[in-house]
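Observations on the model geometry
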Amino acid sequence: MIYLSKTQPHLFMKELLRGPQFETGKIIISPKAKRYLTEADIRMGLFRHVREDVGEPPFNYIKERPYSLQEREPIVSIYLSSKGLAFEVITNERRTRTTIRMAKVS
């Protein structure tokens, strides 16, 4: 698993050339996400999500990602928008739908 890094641009280029690791299916953007996210935020999130960059999730998501890919479980990533707002990109277990929504902050 490779993380996109501003301090290590060679990793970003390697990831860029790697290509998607799974299908997203239909992409659904929640009304709240449409309101708060820019098109660039959405594109960046999808780009990173399908290349197995987990973003800024809690540690348990990072541990579960390889399992999710192998066992056809839902894949969850959390990213920060250009305005610093957390949002989720979630692909269902059948890889037929990917939902983008604002992350629930507690």
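On a predicted model such as this, the values are computed, not experimentally measured, just so you know.

Scoring rules and cut-offs
- Residues numbered from 1 in each chain as written.
- Predicted model: local features only at pLDDT ≥ 70, side-chain atom pairs only at ≥ 80, totals over all residues.
- Heavy atoms only, no water.
- Pairing = 2+ DSSP bridges.
- Helix = DSSP H or I, 4+ residues; strand = E, 2+ residues; numbered from the N terminus.
- Axes fitted to C-alpha atoms, helices over the stretch in contact; angles between N-to-C directions.
- Core = buried A, V, L, I, M, F, W, Y, C linked by side-chain atoms within 4.5 Å.
- Buried < 20%, exposed > 50% of the residue type's maximum accessible area, 1.4 Å probe, protein only.
- Contact = heavy atoms within 4.5 Å.
- Salt bridge = Lys/Arg side-chain N within 4 Å of Asp/Glu carboxyl O.
- pLDDT = per-residue confidence, 0-100.

**Remarks on the sheet that holds strand β4 (residues 97-102)**
Taken together, the 4 strands give an open sheet; going across it, the order is β1-β4-β3-β2, and neighbouring strands pair in mixed fashion. Each having just a single partner strand, β1 (26-29) and β2 (75-80) make up the two edges of the open sheet. The average angle at which neighbouring strand axes cross in this sheet is 15 degrees, direction not considered. Here strand β3 (residues 86-91) pairs with β4 via 5 bridges, running antiparallel. From the neighbouring strand, Thr-91 faces β4, where its bridge partner is Thr-98.

**Notes on the nonpolar core**
Residues Ala-33, Leu-37, Ile-42, Leu-46, Tyr-79, Phe-87, Val-89, Ile-100 and Met-102 constitute the largest nonpolar core, which totals 9 residues. Elements represented by at least two residues in this core include exactly α3 (39-50), β3 and β4. Contacts of Val-89, omitting those with residues within four sequence positions, involve Gly-45, Leu-46, His-49, Ile-75, Val-76, Ser-77, Tyr-79, Thr-98, Thr-99 and Ile-100.

**Side note on the pattern of salt bridges**
Applying the stated criterion across every chain yields a total of 2 salt bridges. Here Arg-43 makes a salt bridge to Glu-39, at a shortest N to O gap of 2.8 Å. Here Arg-43 pairs with Glu-39, and both are found in helix α3, just 4 residues apart, close to one helical turn. Accessibility expressed as a relative area gives 52% for Glu-39, which makes it exposed.

**Considerations on the pairing of β4**
Burial along β4 is one-sided: the residues Thr-98, Ile-100 and Met-102 are buried and none of Arg-97, Thr-99 and Arg-101 is. Here 4 bridges tie β1 to β4, and the two strands are oriented parallel to one another. What sits directly across from Lys-26, in β4, is Arg-97. Linkage of β3 to β4, two consecutive antiparallel strands, is achieved through a turn of 5 residues, within which Arg-95 is found at a positive phi near 60 degrees.

**As for the environment of Gly-45**
Note that Gly-45 resides in helix α3. When sequence neighbours within four positions are dropped, the list of residues in contact with Gly-45 reads Tyr-79, Phe-87 and Val-89.

**Observations concerning the confidence of the model for the protein chain**
Confidence in the prediction for the protein chain averages 78 pLDDT; 69% of positions are at 70 or higher. For the protein chain, per-element mean pLDDT is lowest for helix α1 (residues 9-18), which scores 58, and highest for helix α2 (residues 31-36), which scores 97. Under a pLDDT of 50 for its full length, residues 1-7 has, in the predicted model, 18 contacts with residues more than four places off or in other chains.

**As for unusual backbone geometry**
You will see that Arg-95, though not glycine, has its phi angle at about 60 degrees, which is positive. Mapped onto the fold, Arg-95 is located in the loop between β3 and β4. The class for Arg-95 is buried, based on a relative accessible area of 7%.

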